Amino acid sequence: MISIGILGGTGYTGKKLIQFCSNHPFVKDFEVYANTTADENLSTLFPDIEGMIEDKKVLSIKSVSFDHDLYFLTLPHGEALNFVPALISKGKKVIDLGGDYRLDFEELYLQWYKLEHSSSYLLKSKVYGLADFYKTEYTDAQLIANPGCYPTAVLLSLLPIVKNFGDDIVSVSCSAYSGTSGAGKSPKSEFLLTEMEGNVKAYNVNTHRHEPEILQTLYKNGFHSPFAFTTHLLPVAVGIYATSFIHLKNNVDEASVQKIYKQVYEESSFVRIRKMPPELKWVINSNFCDINVSVKEKKVVVTTAIDNLVKGAAGQAIQNMNKLYGWDESLGILQKEVKHAALS
Ligand SMILES: NC(=O)c1ccc[n+]([C@@H]2O[C@H](COP(=O)([O-])OP(=O)(O)OC[C@H]3O[C@@H](n4cnc5c(N)ncnc54)[C@H](OP(=O)(O)O)[C@@H]3O)[C@@H](O)[C@H]2O)c1
């Protein structure tokens, strides 16, 4: 049984972590630390989950206790740098849901996040926690960089083909779409209902911070072709949808590509290879990543959908916690269907 500290636990992803921690059989207790919401009660901040979680006061992030075993950080970028080095030096385990430790090089962090990295010595030893793809154990890891929401969807859907067709790939073009919760809870005028209702728009074209994160992992898996990544805002609160078009040098057979995807994920509890393009509705509120692959001669189209707050953040973070402690990966996040006695 472990004790958990959630730093920044009053945001969108923090709320999901509170719910998962409340239901996890090996979490003995947790505390939530935050900034402007310190001293508020969880039941006041999250009335919808009152009664489902233990009500407690949010503690000030200025006085984080070192008594917990594991720390989840769900803070705006740059803020984790103020906490992670001290936690690591005290021997604590850390899962950072932000982007501060995902890139391998401080130069890349400076280029894309416009910040000097004050603990770049940790970038090499961290584990990039793409939980469903890397089947290796990481029980001896201390710092896990939880992947971003777009990278989770895009990498899980592209890595099988990249690993198997590396030299045969001419180019990859990915159009990805996110709901507005991807930007967190701080009010911004472009996310107002009046702006987003009935609307779709591309944003951060060629400048999205998730692009180097995706490429870093694609390169490590044999990719060396042109890659285009374009992000769009959808008029929904939750969800990531990504469609990737892969142009190959030679014709391929659809059945053999589909077989590769099935083999790569046959032991994964959370990746479902679908017979048709997935829909956002199939994955919302779950830790599933749904993928469909369709092939015509030299053209491969891969579609994928995830919940950005669960598989793209808190759900994958709990999966990573389970892997860190050597527990079943699905503990606390996979709710098996319970048959009602009266219906069976
Ligand atoms: N939203 C997503 O879909 C998603 C997916 C994957 C990863 N992430 C990453 O996860 C992190 C959290 O995202 P989120 O959407 O949950 O954010 P959010 O809703 O904006 O919540 C941010 C949390 O951080 C606290 N905080 C804000 N400014 C702070 C400061 N200066 N010092 C200390 N604490 C501060 C807030 O506390 P108060 O409430 O007290 O102000 C709140 O608890 C970000 O790095 C984000 O990139 C988000």
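Residues numbered from 1 in each chain as written. Predicted model: local features only at pLDDT ≥ 70, side-chain atom pairs only at ≥ 80, totals over all residues.

J.: Whenever I open this one, the sheet that holds strand S3 (residues 59–60) confuses me. Can you help?
T.: Adjacent strands of a sheet form backbone hydrogen bonds with each other and so pair up, either parallel or antiparallel. Strand order in this open sheet of seven strands is S3-S2-S1-S4-S5-S7-S6, and the pairing throughout is parallel. Among the strands making up the open sheet, the edge pair consists of S3 and strand S6 (127–128). Of the pairings in the sheet, the one linking strand S1 (residues 2–7) to strand S4 (residues 70–73) comprises four bridges and is parallel in character. Paired with Gly5 across the bridge in S4 is Tyr71. Lying on the sheet, helix H9 (residues 310–324) is in contact with S4, strand S5 (93–96) and strand S7 (143–145); it crosses S5 at an angle near 155°. (Pairing = 2+ DSSP bridges. Helix = DSSP H or I, 4+ residues; strand = E, 2+ residues; numbered from the N terminus. Contact = placed C-beta atoms within 7 Å. Axes fitted to C-alpha atoms, helices over the stretch in contact; angles between N-to-C directions.)

J.: Just checking my understanding: could you explain the nonpolar core for this structure?
T.: Looking at soluble globular proteins, one finds that nonpolar side chains tend to be buried together. Of all hydrophobic cores here, the largest spans 85 residues; its most connected members are Ala153 and Ile240. If you tally residues by element for this core, the top one is helix H5 (residues 149–165), at 10 residues. Look past the residues within four positions of Ala153 in its chain and what remains in contact with it is Ala176, Ile240, Ala242, Cys289, Thr304, Ile306 and Gly312. (Core = buried A, V, L, I, M, F, W, Y, C linked by C-beta atoms within 7 Å. Buried ≥ 20, exposed ≤ 12 C-beta atoms within 10 Å, placed from the backbone.)

J.: Teacher, can you tell me more about the site of the ligand here?
T.: The full set close to the ligand counts 31 residues, and Gly8, Gly11, Ala34, Gly98 and Gly184 are the nearest of them. When contributions to the shell around the ligand are tallied by element, the ones reaching two or more residues are helix H1 (12–23) and H9. With three residues, H1 is the largest single contributor of residues to the shell around the ligand. Within the shell around the ligand, the residues separate by chemical class into nine nonpolar, 20 polar and two charged. Two domains each put at least three residues into the shell around the ligand: domain 1 (2–147 + 310–324) and domain 2 (150–306). (Near = placed C-beta within 6 Å. Nonpolar A, V, L, I, M, F, W, Y, C, P; charged D, E, K, R; others polar. Domains from an automatic or database assignment.)

J.: Where do I start with H9 in this structure?
T.: The end-to-end C-alpha distance of H9 is 18 Å, clearly below the 21 Å that 15 residues give at a rise of 1.5 Å each. Maximal helix bending in H9 amounts to about 45°, located at Gln316. Positioned one or two residues after H9, Gly326 has a phi angle of 75°, which is positive. (Expected span 1.5 Å × (residues − 1). Bend = angle between axes of the 7 residues up to and from the residue.)

J.: Which parts of the structure should I look at to understand the pairing of S5?
T.: On a regular strand, one side chain projects to one face of the sheet and the next to the other, so that they alternate. Burial of S5 is two-sided: the residues Lys93 and Ile95 facing one way and the residues Val94 and Asp96 facing the other way are all buried. The pairing of S4 with S5 spans four bridges and is classified as parallel. Looking at the pairing, Phe72 lines up with Ile95 of S5. Note that the unit made of S4, helix H3 (residues 84–89) and S5 has a crossover that is right-handed. The pairing of S5 with S7 spans three bridges and is classified as parallel. Directly across from Asp96, in S7, lies its bridge partner Ala145. (Right-handed = clockwise from strand over helix to strand, strands pointing away.)

J.: Can you walk me through the pairing of strand S13 (residues 289–296) in this structure?
T.: Extensive coverage of S13 is indicated by the burial of six of its eight residues. Where strand S12 (residues 271–273) meets S13, three bridges bridge the pair, whose relative direction is parallel. In the sheet register, Ile273 faces S13, and the bridge partner there is Ile291. Taken together, the seven bridges between S13 and strand S14 (residues 299–306) define a ladder with antiparallel strand orientation. Each residue of the ladder has a partner; that of Lys296, found in S14, is Lys299. Where S13 folds back onto S14 in an antiparallel hairpin, the turn is made up of two residues, including Glu297, whose phi is positive at roughly 55°.

J.: Hey, could you run me through the environment of Val310 in this one?
T.: Looking at the element boundaries, Val310 is found in helix H9. Considered as a pair, Val310 and Trp282 are 28 residues apart in the sequence and their alpha carbons are 13 Å apart. When sequence neighbours within four positions are dropped, the list of residues in contact with Val310 reads Lys16, Asn285, Ser286, Asn287 and Gly315.

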